[in-house]
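Read off the chains here:
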Amino acid sequence: MNTKTRQEVATLPLNKILSGDCIEVMNSLPEGSVDLIFADPPYNLQLRGDLHRPDNSKVDAVDDHWDQFSSFKVYDDFTHEWLKAARRLLKPNGAIWVIGSYHNVFRLGAELQNQGYWILNDVVWRKSNPMPNFRGKRFTNAHETLIWASKNEAAKYTFNYEALKALNEGIQMRSDWVLPICNGGERIKDDAGDKAHPTQKPESLLHRVLIGTTNAGDVVLDPFFGTGTTGAVAKMLGREFIGIEREAKYREVAEKRIANVRKFDKEALTVSTSKRAEPRVPFGQLVERGMLRPGETLTSPKGHAARVRADGTLVSNDVKGSIHQVGAHLEGAPSCNGWTYWTFKRDGKSVPIDVLRQQIRAEMQ
């Protein structure tokens, strides 16, 4: 970490909930200082009158002042400004998640592309227990859409593929997520017993987002913090968070909630990683350290033999090159993973050379 990065991290209000307008607050924070942004902006629902159930009881819909905009242009101008401020905050390899309903998600997606973000996926959160459509004039609104985008096309964003696969019982994670809405004991209530926030997101949703697209220690910012789901899950998972929330009543709820959250221990925070993410070990390092000796013979599953040379290359008859190049030539194949192809003899037994690589990796970690 260079001196500039250390200074920026030191001035960031980590694990704090900041009061004020999200655009103004984001513009006051250091540029290029955040790894991930999770944003749940106002939906701009355009409600027309109260909504009632068949028994004539009123539905607790989103009718708060913060979700009301006088026109689509006003909403689009707001979206432009906060996404601009958010992009300034992201590190070069940072990414953003935005979530919305059919009322606003298409406008969000267009503005993301207009500003140079690079859309990676749209994820459909299919609610396993959605609210029914009481008027019976439309389909039951059973999903919301999340857009995952990197800061730009060249960004080397975080994607913990193996961890998400493990979370999904060994099956590649798809872009349609079936998760329940926030209810029961997870739903935070105010002193009157009503919902503390009308659009509180379930922790399961944020858990999947943060496990999949951040690493322990990363800084996650939520500019529409609400009751603090992003902060609570970030704290549990060993991530740093910054919350921005204009409404005092939501800040108070979020602060109490997060204060009662316990961070998981270090061992529990370790997630599955791909082999590509493991430290690179050159074959020559095995020779340098005496784990294999120049002149020692390696063999293949089909009985091909090659001798180790002092510079970490192999020679087999008239073929010379890396463990991968020689293996590919002997097999007549376009490529070969030499680490799993070659074995050496120890105590009369054939041992894959990859065993030696793993020993070095264990020391490095």
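Residues numbered from 1 in each chain as written. Predicted model: local features only at pLDDT ≥ 70, side-chain atom pairs only at ≥ 80, totals over all residues. Heavy atoms only, no water.

Student: Would you mind showing me how to read the overall build of the protein here?
Tutor: Helix and strand counts for the protein come out as 13 helices and 14 strands. Burial statistics for the protein: of 365 residues in total, 45% are counted as buried. Within the protein, counting contacts between residues at least 6 apart in sequence, those at least 24 apart form 68% of the total. Within the structure as shown, the protein displays about 19,800 Å² of accessible surface, and the carbon and sulfur contribution to it stands at 49%. (Helix = DSSP H or I, 4+ residues; strand = E, 2+ residues; numbered from the N terminus. Buried < 20%, exposed > 50% of the residue type's maximum accessible area, 1.4 Å probe, protein only. Contact = heavy atoms within 4.5 Å. Areas by Shrake-Rupley, 256 points an atom, 1.4 Å probe, with all protein chains shown as cover.)

Student: Would you mind going over the nonpolar core with me for this structure?
Tutor: For soluble globular proteins, nonpolar side chains are generally found buried alongside one another. In terms of nonpolar packing, the biggest core is built from 32 residues, with Trp97, Leu146, Trp177, Leu205, Val209 and Leu210 touching the most fellow members. In terms of residues, this core owes the most to one element, helix 6 (residues 203-213), which gives five residues. Ignoring sequence-local partners within four residues, the contact set of leucine 210 consists of Leu36, Val220, Thr230, Val233, Ala234, Leu237 and Arg239. Core analysis: the second largest hydrophobic core is formed by 31 residues, Ala39, Tyr75, Leu89 and Tyr117 among them. (Core = buried A, V, L, I, M, F, W, Y, C linked by side-chain atoms within 4.5 Å.)

Student: What am I meant to see in helix 3 (residues 72-89) here?
Tutor: Between its first and last C-alpha atoms helix 3 spans 26 Å; for 18 residues at 1.5 Å apiece the expected length is 26 Å, and the two agree. The set of residues buried in helix 3 consists of Tyr75, Phe78, Thr79, Trp82, Leu83, Ala85, Ala86 and Leu89. Along helix 3, the residues classed as buried sweep out an arc of 160° about the axis, all on the same side. On its buried face, helix 3 sits against helix 2 (22-28), strand 2 (34-39), strand 3 (90-100), helix 4 (105-114) and strand 7 (219-222). (Expected span 1.5 Å × (residues − 1). Arc of directions from axis to C-beta.)

Student: Just checking my understanding: could you explain unusual backbone geometry for this structure?
Tutor: For residues that are not glycine, phi is negative in most cases, and the peptide bond is trans in most cases. The phi torsion at glutamate 169 lies on the positive side, around 55°, for a residue other than glycine. Along the chain, glutamate 169 turns up in the loop between helix 5 (161-167) and strand 6 (176-179). Even without being a glycine, aspartate 347 presents a positive backbone phi close to 55°. Residue aspartate 347 is classed as exposed on the basis of its relative accessible area of 79%.

Student: Can you walk me through the pattern of salt bridges in this structure?
Tutor: A pair can form between side chains of opposite charge whenever their charged atoms are brought close. According to the stated counting rule, one finds 13 salt bridges in the structure shown. Among the salt bridges present, the one from aspartate 40 reaches lysine 201, with a minimum N-O distance of 2.8 Å. Of this pair, aspartate 40 sits in the loop between strand 2 and helix 3 while lysine 201 sits in the loop between strand 6 and helix 6; the two residues are 161 residues apart in sequence, bridging distant segments of the chain. Like aspartate 40, the residue lysine 201 is buried in the burial classification. (Salt bridge = Lys/Arg side-chain N within 4 Å of Asp/Glu carboxyl O.)

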